[in-house]
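Each chain is listed here by its residues.
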Amino acid sequence: MKVAIGADHGGVRLKNDIIAVIQELGHEVIDVGCNCSDSVDYPDYALPVAEMVAKGEADRGILLCGTGIGMSIAANKVPGIRCALVHDLFSAQATRDHNDTNMLAMGERVVGPGLAQEIARVWLSTEFSQGERHMGRLRKVSEIEQKYISTT
Ligand code: RB5
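These numbers were taken from a predicted model, which means no experiment stands behind them.

Peer 1: Could you give an account of helix α4 (residues 89-97), naming the residues involved and the relevant values?
Peer 2: Inspection of α4 places A92, A94, T95, R96 and D97 among the buried residues, and these make up the whole buried set. Two or three places before F90, at the opening of α4, D88 has a side-chain oxygen 3.1 Å from that residue's backbone nitrogen.

Peer 1: Give me the lowdown on the site of the ligand, citing residues and values where you can.
Peer 2: D8, H9, Y42, C65, G66, T67, G70 and R109 make up every residue found near the ligand. Measuring from an oxygen atom of the ligand, one finds a side-chain N or O atom of D8 at 2.6 Å. Residue G66 places a main-chain N or O atom 2.8 Å away from an oxygen atom belonging to the ligand. Out of a free accessible area of 290 Å², the ligand has 72% covered by protein chains.

Peer 1: Describe the environment of L64, listing the residues and the values that go with them.
Peer 2: Note on placement: L64 falls in strand β3 (residues 60-65). Looking at L64, the relative accessible area reads 0%, which means it is buried. With 20 residues separating them in the primary sequence, L64 and D44 have C-alpha atoms 12 Å apart. Ignoring anything within four residues of it in the chain, the contact list for L64 reads I5, G6, A7, D8, G11, L14, K15, I18, M71 and M106.

Peer 1: Let's hear about the state of the cysteines: which residues, and what values?
Peer 2: Under the criterion given, the structure shown has one disulfide. Disulfide pairing is shown between C34 and C36; the S-S distance is 2.2 Å. Across the disulfide from C34 to C36, rotation about the S-S bond amounts to roughly -65°, and the bridge is consequently left-handed. The two residues C34 and C36 agree in class, both being buried. The closest cysteine sulfur to the non-disulfide-bonded C65 is located on C83, 9.6 Å from its own sulfur. We classify C83 as buried; its relative accessible area is 10%.

What counts as what
Throughout, residues of each chain are indexed from 1 in the direction in which the sequence is written. Local features in this predicted model are restricted to residues of pLDDT 70 or higher, and side-chain atom pairs are both shown and tallied only at a pLDDT of 80 or more, whereas totals for entire chains, interfaces and linings draw on every residue. Only hydrogens and water are set aside when side-chain values are computed; all heavy atoms of the structure are taken into account. Only protein chains enter the accessibility calculation, which uses a 1.4 Å probe; a residue is then buried when its area is under 20% of its type maximum, exposed when over 50%, and partly exposed in between. Numbering goes from the N terminus for both helices and strands, where a helix is a DSSP run of H or I of at least four residues and a strand is a run of E of at least two. Any pair of N or O atoms that falls within 3.5 Å is considered a polar contact. Within protein, one atom must be able to donate a hydrogen and the other to accept it, and sequence-neighbouring residues count only if both atoms are side-chain atoms. Nearness is judged by heavy atoms alone; a residue qualifies as near a molecule or strand once a single heavy atom is within 4 Å of it. Surface accessibility follows the Shrake-Rupley procedure with a 1.4 Å probe radius. Residue values consider only the protein chains on display as shielding. What makes two residues a contact is simply this: any of their non-hydrogen atoms within 4.5 Å. Any pair of cysteine sulfurs within 2.5 Å is marked as a disulfide.

Coordinates in, geometry out; function isn't part of it.
Here is the structure:
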């Protein structure tokens, strides 16, 4: 898979830890930055990663900031993106299995690097269950998106 990744100054150290996991699993990394210690704005990094995933230029996207919250909010504004904010292993597995999430957000100020790496490993390695009930719910999520796209 091609995995796009981005971070703000609050998640930049964790980005390097997660890149190591992506490569270890044999996937290609598309790193949009930042590579900074100065303060930057998380939407500026969430948008290019989310757009790459939405356009099919990347198969999955991972975003890191201080909490993961700003990144997940911004990514989920892009039509077609299902970005999960995850800080535990159960959710990492469940959000692929049930929600077919195509993006993952984590917060460097919330989880340690070891847990974050394991979350990324599980999230990248878990397939969507294709369960009928889950697919029906995702169709409904998509309908919400379509309703607001067509009225704006
Ligand atoms: C930056 O200080 C911080 O607000 C950002 O990394 C993130 O946590 C926002 O949600």
